[in-house]
Amino acid sequence: MASEFLRGSKFPDSVRIALKDIERCVPRDEGSAIPGLNHAEGNAERIADEYIFMYRVGRPLQRFSAIQELQLQEIMIDFFGNDNYAGKIKTQAFLLLFSCKGSATHYKVELLCKLVSMAIALKTKPILDYAGAWMREQHYSSPGCMKLAQHVIHDYCLLVPGATSSLQELPKISTPFTCNIITAFTHVYRLQGLKPPASLPNGLLEVITEWVSIDNSLLLYSALNAYGSNIETPLPGLISWCIYAPIQLLQKQPKIEVEELRRINQLYSKLFLGLLNSLLSTKTLFNPPKELLPRAIVKDIVDTIVTSAKLLPDAGEHDCLQVVLERLGQVLQVAMVTKTIFTDKATLKQICSSLPQNRLLQIVLN
């Protein structure tokens, strides 16, 4: 139930009071509430809808003006961005605030995207940590996570040339957010059945490559801090990018200058080396091993290569296709050595049986 002060308040004071009321709805004791059955949780979501996002059941959604949106972001950064933030309580309050339930979900995500963009610019660690937890809860391929990833790409890779420099220190500011947003990026640019991934912006490739080159353990953060057996890291998506890149760049070749093509190829090679090192590092990090390269991902990669190979001239002999197959062989070899793929060699050999011949791949699978 909303407090008496809240019911009589107006924007922007209503937002400040509502945030405190929502925080009070979060159980203080571990295990004191049953997930999904907590009355206070439902009450917090109603407070958020009515007094922060200005949505009431049966009425049209009342959108903020640009100035009001800016005020809202400043209030949230003041509330959540305090250096002495109270860990789990503030995290849960943030998750309740941006819960993707009800009719105002689309608007909530829209405002969250703008808040995160501002938090990146201001280097506000708590907000970014909470947004990382929000992505993990929503799942990285959900519409909300995809929208957040696309918004960051738009603001920092497409809108202003050179803005990617603002992303360079992101892993130092918030490792959980950085790891999780990379995973969301890989869902934005992913293999879809037999369809190759869309071309990602060069700025995004540059900044991810730089992150991974500096610290390849960054990609393992979500696995190291996973709850339960359902683990998702950026590794499968990034591996797909690197394996398929030579074919994709060949298809784009007439539209790219030779020097730029060489530079992009070098970036993918550098990123690929970082991914192999990341997989190798798991030998000392995980006991027992964790599956980081699911069989379904390998099959998607293989199916896409087979389809694309048919469109290449002299497919079996084509240099770029051999690079693709060698990268696949290297990944499978390292994944088997580190036990980060749980699929047995016989099954992998069957999955790869439709691929063109490649010596390294044959050695790895025999």
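Everything here concerns the structure above.
As a starting point, this report considers the structure included with it. (Residues numbered from 1 in each chain as written. Predicted model: local features only at pLDDT ≥ 70, side-chain atom pairs only at ≥ 80, totals over all residues. Heavy atoms only, no water.)

## Re the nonpolar core
With 123 residues, the main nonpolar core has Ile 52, Phe 80, Leu 97, Trp 134, Ile 208, Leu 328 and Leu 332 as its most contacted residues. Ignoring sequence-local partners within four residues, the contact set of Leu 332 consists of Val 298, Ile 341, Leu 348, Cys 352, Leu 361, Val 364 and Leu 365. (Core = buried A, V, L, I, M, F, W, Y, C linked by side-chain atoms within 4.5 Å. Buried < 20%, exposed > 50% of the residue type's maximum accessible area, 1.4 Å probe, protein only. Contact = heavy atoms within 4.5 Å.)

## Describing the pattern of salt bridges
Summed over all chains, the structure comprises 12 salt bridges. The residue Asp 129 makes a salt bridge to Lys 125 at a minimum N-O spacing of 2.9 Å. Of this pair, Asp 129 and Lys 125 both sit in helix 7 (residues 125-138), 4 residues apart, roughly one helical turn. Given a relative accessible area of 13%, Asp 129 falls into the buried group. With a shortest N-O distance of 2.9 Å, Asp 303 and Lys 299 are connected by a salt bridge. In this pair, Asp 303 and Lys 299 both sit in helix 15 (residues 295-309), 4 residues apart, roughly one turn of the helix. A relative accessible area of 22% means that Asp 303 is categorised as partly exposed. For Lys 299, a relative accessible area of 43% gives the class partly exposed. (Salt bridge = Lys/Arg side-chain N within 4 Å of Asp/Glu carboxyl O. Helix = DSSP H or I, 4+ residues; strand = E, 2+ residues; numbered from the N terminus.)

## Thoughts on the packing of helix 11 (residues 202-214) against helix 14 (residues 258-285)
Running from N to C, helix 11 and helix 14 cross one another at 35°; their axes reach a closest spacing of 9 Å. Every pair of crossing elements has a handedness; the one defined by helix 11 and helix 14 is left-handed. Facing helix 11, whose interface residues are Asn 202, Leu 205, Glu 206, Ile 208, Thr 209, Glu 210, Val 212 and Ser 213, helix 14 presents Glu 260, Arg 263, Ile 264, Leu 267, Tyr 268, Lys 270, Leu 271, Gly 274 and Leu 275. (Axes fitted to C-alpha atoms, helices over the stretch in contact; angles between N-to-C directions. Left-handed = near helix turned anticlockwise from the far one by under 90°.)

## A closer look at helix 6 (residues 105-122)
Given a rise of 1.5 Å per residue, 18 residues ought to cover 26 Å, and the 25 Å separating the end C-alpha atoms of helix 6 matches this to within 8%. Within helix 6, 14 of the 18 residues are buried, which leaves it mostly tucked inside the rest of the structure. Directly after helix 6, the chain includes Lys 123, whose backbone phi takes a positive value near 60°. (Expected span 1.5 Å × (residues − 1).)

## A few points about the packing of aromatic side chains
Within this structure, the stated rule accounts for 9 aromatic pairs. Between Phe 11 and Phe 64, the ring centres sit 5.2 Å apart and the planes meet at 40°, which makes this aromatic pair tilted. One end of the pair, Phe 11, is in the loop between helix 1 (4-7) and helix 2 (13-25); the other, Phe 64, is in the loop between helix 3 (39-52) and helix 4 (66-80), with 53 residues separating them in the sequence. Centre to centre, the rings of Phe 80 and Tyr 130 are 5.8 Å apart; their planes meet at 70°, and the pair counts as edge-to-face. With Phe 80 in helix 4 and Tyr 130 in helix 7, the pair connects residues that are 50 residues apart, well separated along the chain. Like Tyr 130, Phe 80 is buried. Here the aromatic cluster, defined as three or more aromatic residues joined through ring pairs, consists of Phe 53, Phe 79, Phe 80, Phe 94, Phe 98 and Tyr 130. (Phe/Tyr/Trp six-rings, centres within 6.5 Å; stacked < 30°, edge-to-face > 60°.)

## Quick look at the environment of Gly 87
Summarising the element assignment, Gly 87 is placed in helix 5 (residues 87-97). Spatially, the C-alpha atom of Gly 87 lies 9.7 Å from that of Asp 129, the residues being 42 residues apart in sequence.

## Some words on the packing of helix 8 (residues 143-158) against helix 10 (residues 175-188)
Their axes nearest at 9 Å, the elements helix 8 and helix 10 cross at an angle of 95°. In terms of orientation, helix 8 lies roughly perpendicular with respect to helix 10. Between helix 8, through Cys 145, Met 146, Leu 148, Ala 149, Gln 150, Val 152 and Ile 153, and helix 10, the contact on the second element is made entirely by Ile 181, Ala 184, Phe 185, His 187 and Val 188. (Parallel < 35°, antiparallel > 145°, perpendicular 65-115°, else oblique.)

## A word on unusual backbone geometry
Of note, the amide linkage connecting Asn 287 to Pro 288 takes the cis form, showing an omega dihedral of 5°. Take Pro 288: it is sitting in the loop between helix 14 and helix 15. Positioned with a positive phi, Lys 123 is a non-glycine residue whose angle comes to about 60°. With respect to the helices and strands, the residue Lys 123 is situated in the loop between helix 6 and helix 7.

## Topic: the layout of surface pockets
Roughly 190 Å³ of internal volume is contained in the second largest pocket. In terms of lining, the second largest pocket is formed by Lys 349, Cys 352, Ser 353, Leu 355, Pro 356, Gln 357, Asn 358, Leu 361, Gln 362, Leu 365 and Asn 366. The element contributing the most residues to the lining of the second largest pocket is helix 18 (residues 359-365), with 3 residues. Grouping the constituent residues of the lining of the second largest pocket by class yields 5 nonpolar, 5 polar and 1 charged. (1 Å grid on protein atoms, 1.4 Å probe; cavity = no way out; pocket = protein on both sides within 12 Å on 5 of 7 lines; lining within 4 Å. Points joined across faces, edges and corners; volume = space filled by probe spheres on them. Nonpolar A, V, L, I, M, F, W, Y, C, P; charged D, E, K, R; others polar.)

## Structural notes on the side chain of Ser 142
With respect to the helices and strands, Ser 142 occurs in the loop between helix 7 and helix 8. Looking at Ser 142, the relative accessible area reads 13%, which means it is buried. Within the structure, the side chain of Ser 142 is placed 2.8 Å from the backbone oxygen of His 139, a separation counted as a polar contact. (Polar contact = N/O pair within 3.5 Å; in protein donor to acceptor, adjacent residues only side chain to side chain.)

## Considering empty space enclosed by the protein
In the structure shown here, the tally under the stated rule is 3 cavities of 30 Å³ or more. In this structure, the largest cavity is lined by Ser 199, Leu 200, Asn 202, Leu 205, Gln 248, Leu 249, Lys 252, Ile 264 and Tyr 268. Of the residues contributing to the lining of the largest cavity, the split by class is 5 nonpolar, 3 polar and 1 charged.

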